[in-house]
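Each chain, letter by letter, is given below.
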Amino acid sequence: MDERTLLNGIPLFAGMPGEQLQTLAGALKRRTYRQGAPILHQGDPGDSLFIVVAGRVRIYTLSPEGHELSVWICDEGDFFGEMALLSGEPRSASAEAMQATEVLVLQRQAFRDYLLANPTAAIHTIEVLSRRLRSTTEDAEGLLSLNVTQRIARKLLQLMERYGVPGEDGVLIDLNLSQEAMATLVGTTRESANRALSALRDQGIVQVDRDGIRVIDPEKLQELLY
Ligand code: CMP
């Protein structure tokens, strides 16, 4: 697929006039990563924006004790790396490919020029950042007020909306999530996440198998939050 066709399908570039698309296409570099490969590191200087065109990227932070907290998942069409680029500060988090991933990379000046020339894209960027900030605030509030089982219940409900594939025996969360990955999504240890997931499984609320996690009873998950 050529860059122009690719760019047309990306929300950040939606509705861009043809000749601008051409200019932007010339400024973009393609990069590919295999599953598990690091893309950027928390604390590093950064002056580029990444746009996922295929695959999936996990954004996470690492505590001094080595605990990972996954803060966001970028799917096709999503961008990341805008914070260091816009603020001039170091990378606020790390990013790794959750599967074979292809990205487009745009340098600071080209992105700034694009936003200055396209108020719609600037507003889109602010909307995306607002959604991420809201989600981060909710996660932080959950760390204070919810126990691990409740945090897992809420995360499963959120993931179900985004990645749920309904089937005969419940809704599969189509993310290939290991229990370890689940632990990093709710800021706990693998052992605690395992215990909470086992309890949910014993109550017939979820099923954990080779395909990942399947939600059998979403209402019960919801009830756990009250
Ligand atoms: P940057 O700081 O340049 O590099 C890491 C990127 O991870 C960051 O830009 C954002 O794109 C993304 N990121 C950091 N924190 C969050 C968060 N709380 N929610 C979603 N994305 C984030």
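Because the structure is a prediction, the values reported are computed rather than measured. (Residues numbered from 1 in each chain as written. Predicted model: local features only at pLDDT ≥ 70, side-chain atom pairs only at ≥ 80, totals over all residues. Heavy atoms only, no water.)

### Quick look at the domain arrangement of the protein chain
Accessible area lost upon the coming together of the parts is a frequently used measure of interface size. As far as domains go, the protein chain holds domain 1 (3-143) and domain 2 (147-223). Each of domain 1 and domain 2 has a C-alpha centre, and the two are 27 Å apart. The partner domain 2 presents twelve residues to the 16 residues of domain 1 that form the contact. Between domain 1 and domain 2, roughly 1,100 Å² of surface is buried when both sides are summed, and carbon and sulfur atoms account for 45% of that area. Counting every contact that joins domain 1 to domain 2 gives four salt bridges. (Domains from an automatic or database assignment. Contact = heavy atoms within 4.5 Å. Buried area = accessible area lost by both parts, 1.4 Å probe. Salt bridge = Lys/Arg side-chain N within 4 Å of Asp/Glu carboxyl O.)

### Digging into the environment of Glu138
Mapped onto the elements, Glu138 comes out in helix H5 (residues 119-145). Discounting chain neighbours no more than four positions away, the residues touching Glu138 are Arg154 and Gln158. (Helix = DSSP H or I, 4+ residues; strand = E, 2+ residues; numbered from the N terminus.)

### So, the site of the ligand
As a structural note, the neighbourhood of the ligand is formed by 14 residues, with Gly81, Glu82, Ala84, Arg91 and Ser92 the closest of them. Residue Arg91 places a side-chain N or O atom 2.6 Å away from an oxygen atom belonging to the ligand. In this structure, Thr136 approaches the ligand through a side-chain N or O atom, which is 2.9 Å from a nitrogen atom. Computed on the free molecule, the ligand has an accessible area of 450 Å², of which 93% lies beneath the protein chains in the complex. The greatest single-element share of the shell around the ligand, amounting to three residues, is contributed by helix H3 (residues 82-87). Across the shell around the ligand, the residue classes tally to eight nonpolar, three polar and three charged. (Near = heavy atom within 4 Å. Polar contact = N/O pair within 3.5 Å; in protein donor to acceptor, adjacent residues only side chain to side chain. Areas by Shrake-Rupley, 256 points an atom, 1.4 Å probe, with all protein chains shown as cover. Nonpolar A, V, L, I, M, F, W, Y, C, P; charged D, E, K, R; others polar.)

### Considerations on the sheet that holds strand S5 (residues 68-74)
Strand pairing in a sheet relies on backbone hydrogen bonds. The paired strands run either parallel or antiparallel. With respect to topology, four strands assemble into an open sheet ordered S2-S7-S4-S5, the strand pairing being antiparallel. For this open sheet the edge positions go to strand S2 (38-40) and S5, each flanked by a neighbour on one side alone. Taking the axes of each pair of neighbouring strands and ignoring which way they run, one obtains an average angle of 35° across the sheet. The sheet contact formed by strand S4 (residues 57-62) and S5 spans six bridges and is antiparallel. Considered in S5, the bridge of Leu62 is made with Glu68. On top of the sheet, helix H7 (residues 179-186) reaches S4 and S5; it is set at about 95° to S5, its chief contact. (Pairing = 2+ DSSP bridges. Axes fitted to C-alpha atoms, helices over the stretch in contact; angles between N-to-C directions.)

### Things to note about the confidence of the model for the protein chain
Per-residue pLDDT for the protein chain averages 92, and the proportion of residues at 70 or more is 100%. Here helix H1 (residues 3-8) stands out as the element of the protein chain with the lowest mean pLDDT, 77, in contrast to S2, whose mean of 98 is the highest. (pLDDT = per-residue confidence, 0-100.)

### A look at the sheet that holds strand S11 (residues 206-209)
Taking strand neighbours across the sheet as the criterion, the four strands line up as S9-S10-S12-S11 in an open arrangement whose pairing is antiparallel. Either end of the sheet is taken by a strand with one partner, and the two such strands are strand S9 (164-167) and S11. With direction set aside, neighbouring strand axes in the sheet form an average angle of 25°. Relative to strand S10 (residues 170-173), S9 runs antiparallel, the two sharing four bridges. Residue pairing in the sheet places Val165 in a bridge with Leu172 of S10.

### Notes on the packing of helix H6 (residues 148-163) against helix H8 (residues 190-202)
The geometry of a pair of packed helices is captured by two quantities: the angle between their axes and the separation between those axes. Between H6 and H8, whose axes approach to 9 Å, the crossing angle comes to 70°. On the basis of their axis angle, the class for H6 and H8 is roughly perpendicular. For the pair formed by H6 and H8, the contact residues are Val148, Thr149, Ile152 and Leu156 on the first element and Ser192, Ala193, Ala196, Leu197 and Leu200 on the second. Its residues assigned to classes, the contact of H6 with H8 comprises seven nonpolar, two polar and no charged. (Parallel < 35°, antiparallel > 145°, perpendicular 65-115°, else oblique.)

### So, the nonpolar core
Within the largest apolar cluster, 27 residues are counted, with the highest numbers of intra-cluster contacts made by Ile152, Leu156, Ile173, Leu175, Met182 and Leu221. For this core, the secondary-structure elements that each account for two or more residues are H6, S10, H7, H8 and strand S12 (212-215). Among all residues touching Ile173, those that are not within four sequence positions of it are Leu156, Leu159, Met160, Tyr163, Ile213 and Val215. Core analysis: the next-biggest nonpolar cluster, separate from the first, contains 22 residues, Met16, Leu21, Ile51 and Leu106 among them. (Core = buried A, V, L, I, M, F, W, Y, C linked by side-chain atoms within 4.5 Å. Buried < 20%, exposed > 50% of the residue type's maximum accessible area, 1.4 Å probe, protein only.)

### Considering the packing of H5 against H6
Orientation of H5 relative to H6, taken along the N-to-C sense of each, is 155°, at an axis distance of 9 Å. Judged by the inter-axis angle, H5 sits roughly antiparallel to H6. Across the interface between the two elements, Glu138, Asp139, Glu141, Gly142, Leu143 and Ser145 of H5 pack against Gln150, Arg151, Arg154, Lys155 and Gln158 of H6. In terms of residue class, the contact of H5 with H6 is built from one nonpolar, four polar and six charged.

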